[in-house]
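Examining the three-dimensional arrangement
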Amino acid sequence: MSRTDLQHVELEFGSDGIAWLWLDVADAGANTLSTPVIAELEEALGRVEEERPRGLVIGSRKPGFIAGADVREFGRLESVDEAATLIRRGQDLMDRIAALPAPTVARIQGHCLGGGLELALACRYRVADNDPGTRLGLPEVKLGIHPGFGGSARLPMIVWAPSALDLMLSGRTLDGRAARRMGVVDQAVSPWQVDETARRILLADPGPRRVRGWRRLANSGTGRALLRPIMERQLRGKVRREHYPAPYALLDLWARHGGEPLPRRLRAERESLVRLVEGRTANNLIRVFLLQDRLKTEARDTREAIPEHVHVVGAGTMGGDIAAWLALNGKRVTLVDPSGEAIAATLRRARELFQRRLKTPARVTAALDRLIPDPAGRGAARADLVIEAIIEDVDAKRSLYADLEARLPAHAVIATNTSSLPLEQLAEGLTDPGRLIGLHFFNPVAKMPLVEVVAGRASDAAALDRGQALVAGIDKLPLRVRSAPGFLVNRILMPYMLKAARLHAEGEVREKIDRAARRFGMPMGPLELADSVGLDVCVAAAETMAEAQGLEIPERFRQYVQEGRLGRKSGRGFYEYRKGKPRRSRVRADSAELDRLGETLVEPLLAEAERCRDDGIVADGDLVDAGAIFGTGFAPFTGGPLHYLAERGQSRVGENHGSDSQGDASGSESTASTSPASPDRDRTAG
Amino acid sequence: MARAQPSRSRSRKATDVWLVDGSRTPFLKFRGRPNALSAADLGVAAGRQLLLRQPCPVDAIDEVIFGCAGPAPEEANIARIIALRLGCGHETPAWSVQRNCGSGMQAVDNGLQSIRGGRADLVLCGGTEAMSRAPLMFDESFVRWLADLQQAKSLGQRLRRAAAFRPRMLKPVVALLRGLTDPVSGMSMGQTAEKLATNFGITRQDMDEYAVRSHQRLAHAQDEARLPEVDPVHASDGNAWADDDGVRRDSSVENLARLKPVFEKPYGRVTAGNSAQVTDGAAALLLASDRAVEEHGLPVLARIRDSEWAGLDPAQMGLGPVHATTPMLRRHRMNLGSIDYWELNEAFAAQVLACLAAWRDRDYCRDHLGLGKAWGEIDPQRLNVDGGGISLGHPVGTSGARIVLHLAHVLRRENARRGVATLCIGGGQGGAMLIENPEAES
């Protein structure tokens, strides 16, 4: 018997007395716990309470279980009261599930994150499958918040505290087998066994998992008192409390209330979360999440066919790693390079990557089979898209394009990975210049999520759409940029690195410079960054941009390059390198000084970001922020350079000035948004 | 999506069977340890390069057949594994064949039969072998000891059975050596060559000179780009190979004379230097019917005209080519002089020379081949013109396919009409294939 008047939830009562509650949120690719969904779950639970089945299975009809709460809804919250109400409602729902007299089991396949895992924790049992795509976790800290639907209270009861806290503080995800080992799920079975296992566990009803024996001491007053400083020290090594308060709040929450009865812990969880939601970091991290979502969903809007066969020319570090990433993500790749050794070295790096990500030998072999060495370049005849990653030389590239043009199918796009040559120059000589676009990847390819999709003046809309669709299809974030020196990311990074080099030449200690930048929130100091990119590459890039941006390259930079101090690759740059790591000396510096230095260092980046927005390098200011965060790692907790400026209430260029420093709408409509968290475009979940 | 079924009507005109194209990996010799690529990997590598060159899509292939004499335990039906990994699709059937050294040619022959019989229009066939990866096995006595130990029912029994262990049980069995010995006659392949050398009076000098020529010809072929069917392979351990690595450019009769006989000591004549090398490699060929050639606009390299398999005394297996080629040519009213170029697999210099001697020998031709007189000579300048198993190596399951493919290229290059590829097969058989160059037909 099935109830069909609910839109997002399906409820079936089987003849064996087992009820099945299937979540299937309408018009969405994934289940999220938005208010309407929570409302329907409440209603469905009401019916379950009436019918009194022998047991209840909660599952999903979508490829994933539940992806979490609705982040967009969270971002749209206008007041503290609204936030508190939403959190309370979620907690009550979970309590109600936990209070059902019949046993409950969460049947988990695919992603089970955040609120989704909290719902599963409220069930008496959890059954997952062992497919590598099944991931369980509580990643709320990555949004600047922590679990708020009872997860922080329930998880330490099921799994002993250090593991529970590690999972929540890191925000990492577990696959089915790891979840079973930790105790988060009761069984991890083959996907075709999940239903039967759920049924059987309900019928057997062996009793809920609880932390037993000496491990319970971790939750005692003494345990918490001993563990807390250890965990806090670990946290301090990774993130600053001022920038990322959420993990510290979570630790405080457990340390203070961990021994109390459940209702009190739930209240404490709620109050802690509300405090975080009020703060800037949470808003900014939610903004970052929504920016990421924007980049992904924009790519899906195209009607162009997604390229499946990609022909990669050039098996150097970039070309080879791009080819490997493409094969990892299901594309068929032919890789051409005059050097057989370069191709073989690519295969070796690819195999390491595949073994880390894909684990099983069958998947690794399948991925390697998709990465086809093609010394004779025959793959061009079948390619949907070509990525060219050869030397940065206009003539070499042009002659390659001419050769390719003769062999490529009519619909194939030519994409160049160039970081410094203008597309207009490269397109000269092509019969169809419209088919040339830029797809600018960042190093290392496996770690950097952003890819600049560069539109030359002649680039076809269809070609750009296809390039963008490819990037989204390989789990990267495509950012449309206009072709101009440095595009977006290198352009905003260059003044930042040059400023640092200048300060260094003027006598500032290099370790202090880098430390100040990291203290500000940059992932890497500017001098270390320059070293890792390569000082020669920096100088060359700077020269390309010099005229347009009025950059001055410090003499010291050129000197180093002349002396052969090229950075990490040559063993010496601003720092000396041993085994790829820089040798840094300790420096004494007081916090205020470092803060000031940090602001000074970042200032040119902020100014350049504004100029990029004004020059229309990307469609709007939000995308400048997205590019900075995903392409350079710019402190995500700030929400991006332009957002940071707006919140700070200042602007470098032109007439836009913020009214105050609390992050309200500033004068410029493209920088700010109507609410602190959600950027311009308002989209529904999914 | 259902594949278009090839026409099975018997009433249609008998189709020609075309060798469209082929590719092989460089042949890599055994250097005392397993090489980086498995037999399946090698087959996939050769297949990929071949299919990349074709205008037809991968799923147009109707059937995949591969020969392999010693697949690894996880390579059951290696042709199917290769087919799936190449992307031929779930619906394309695939099967593996084994006729010892003739397996590669057997696969091509089965492709030929499939097309002639109307069961397929486009067949991917070939051979693959990774002899360097032949396993070291536990001696049977050790396996029995382990089984006994596992099945012990009490502690006392376990201790007693454990005490029955003897260190000599650990001596590994070299599978490769076992594979190269014929269990029925009890002779190793090398011993059969020695026997032939004795019967036909082939001297050590003759063998070493032949071996040197083989290396010289391969070196020359590499220098003159006469091996267009070879495509480089790249392994995920970071190594790449572009050329067959068995060639010894410094080969000389003086050097070879220093080697000791390997199969019959102390006065035998067959050495490691005048025998085929132990080698890994794969070859992939695409066969097509008239209809497939037309439908996909395929180029054609050669027409496969006929094939023949013959049996003979295992102790003289080296004469297999003579026993297979003779009836096949006679069927077409041809003789040795009708053939422009020959590929006769060099298992041993002695064996190749013995075949030539047999055809020259009136008694042998009368007694064994049903001929009235000696059948004739093969011009050494037209035999194995670009080297052979001695310099290239002889991956057992692959050579049969390699020689057909290379012969087709030789006919093209020399604008010649007809060629015979033939080989001897351990256990006492011979295989032969007759191919024609359509471009040289007058």
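Residues numbered from 1 in each chain as written. Chains lettered and ligands numbered in written order. Predicted model: local features only at pLDDT ≥ 70, side-chain atom pairs only at ≥ 80, totals over all residues. Heavy atoms only, no water.

1. Topic: the overall build of chain B
Short version of the rule: Under the scheme used here, helices are H or I runs from DSSP no shorter than 4 residues and strands are E runs no shorter than 2 residues, and both carry numbers assigned from the N terminus. Atoms counted for the radius of gyration: C-alpha only. Globule rule: 2.2 Å times residue count to the power 0.38. Think of it in three bands: with a 1.4 Å probe and only protein chains considered, a residue is buried below 20% of the maximum accessible area for its type, exposed above 50%, and partly exposed in between. Residue contacts follow a heavy-atom distance rule, with two residues in contact if any of their heavy atoms lie within 4.5 Å. Charged residues are defined narrowly, with Lys and Arg counted positive, Asp and Glu counted negative, and His plus the chain ends left uncounted. In this description, the location of a charge corresponds to atom NZ of lysine, CZ of arginine, CG of aspartate or CD of glutamate.
Each helix and strand in chain B was counted, giving 15 helices and 14 strands. Its C-alpha radius of gyration of 23 Å places chain B within 12% of the 22 Å reference for a compact globule of 442 residues. Taking all 442 residues of chain B together, the buried fraction comes to 57%. By sequence separation, contacts in chain B at least 24 residues apart represent 80% of the contacts at least 6 residues apart. For chain B, the separation between the mean place of its 53 positive charges and that of its 51 negative charges on side chains is 6 Å.

2. Points about the packing of helix H25 (residues 621-632) of chain A against helix H26 (residues 641-648) of chain A
All names here are of chain A. Where we set the bar: Inter-axis angles, ranging from 0 to 180 degrees, are taken between N-to-C directions of lines fitted to C-alpha atoms, where helices are fitted over the stretch in contact. Polar here means any residue outside two lists: the nonpolar Ala, Val, Leu, Ile, Met, Phe, Trp, Tyr, Cys and Pro, and the charged Asp, Glu, Lys and Arg; Gly therefore counts as polar.
At their nearest, the axes of H25 and H26 sit 7 Å apart, and the two run at 115° to each other. Across from Gly621, Val624, Asp625 and Ala628 in H25, the residues of H26 making contact are Pro641, Leu642 and His643. In terms of residue class, the contact of H25 with H26 is built from four nonpolar, two polar and one charged.

3. Brief notes about the interface of chain B and chain A
Rules: The term salt bridge refers to a pairing of a side-chain nitrogen on Lys or Arg with a carboxyl oxygen on Asp or Glu at a separation within 4 Å. Identification of polar contacts relies on pairs of N or O atoms within 3.5 Å, with a donor-acceptor requirement for protein atoms, meaning one able to donate a hydrogen and the other able to accept it, and with residues adjacent in sequence counted only if both atoms are side-chain atoms.
In this assembly, 19 residues from chain B lie in contact with 21 residues from chain A. Where chain B meets chain A, there are three salt bridges. Where Asp369(A) meets Arg85(B), a salt bridge forms, and the shortest distance between an N and an O atom there is 2.5 Å. Scanning the region where chain B abuts chain A turns up eight residue pairs in polar contact (both at pLDDT 80 or more). Counting residues per element, the side of chain B that touches chain A draws most heavily on helix H1 (residues 39-52) of chain B, at five residues. Tallied by class, the residues present in the side of chain B that touches chain A amount to eight nonpolar, six polar and five charged.

4. Focus on the domain arrangement of chain A
So the rule is basically this: Where each domain starts and ends comes from a domain assignment, either automatic or drawn from a database.
According to the domain assignment, chain A contains domain 1 (2-278) and domain 2 (303-482). A straight line from the C-alpha centre of domain 1 of chain A to that of domain 2 of chain A covers 41 Å.

5. Focus: the sheet that holds strand E14 (residues 332-336) of chain A
Residue and element names in this part refer to chain A. We count it as follows: Criterion used throughout: strands pair if DSSP finds at least two bridges between them.
Sheet architecture is open: eight strands sit in the order E15-E14-E13-E16-E17-E18-E19-E20, paired in mixed fashion. A single partner strand is all that each edge strand has here, and the edge strands are strand E15 (371-373) and strand E20 (477-482). Averaged over all adjacent pairs, the angle separating strand axes in this sheet is 25°, with direction ignored. On top of the sheet, helix H12 (residues 280-300) reaches strand E19 (450-455) and E20; it is set at about 80° to E20, its chief contact.

6. Some words on the sheet that holds strand E10 (residues 135-137) of chain A
Residue and element names in this part refer to chain A. The strand order across the open sheet built from three strands is E8-E10-E11, with neighbouring strands paired in mixed fashion. Where the open sheet ends on each side, the last strands, each with one partner, are strand E8 (111-113) and strand E11 (173-174). Across two bridges, the pairing between E10 and E11 is antiparallel. Its bridge partner being in E11, Leu136 is matched across the sheet by Leu174.

7. Quick word on helix H3 (residues 103-116) of chain B
Residues and elements named next belong to chain B. Our working definition: In this scheme, a helix's expected span is set at 1.5 Å multiplied by one less than its residue total.
The terminal C-alpha atoms of H3, which comprises 14 residues, lie 20 Å apart, in line with the 20 Å expected from a rise of 1.5 Å per residue. The buried fraction of H3 amounts to 12 of the 14 residues, a majority that puts the element mostly inside the structure. Regarding H3, the residues found buried are Ser103, Gly104, Met105, Gln106, Ala107, Val108, Asp109, Asn110, Gly111, Leu112, Ser114 and Ile115. Gly118 occupies a position one or two residues after H3 and carries a positive phi of about 80°.

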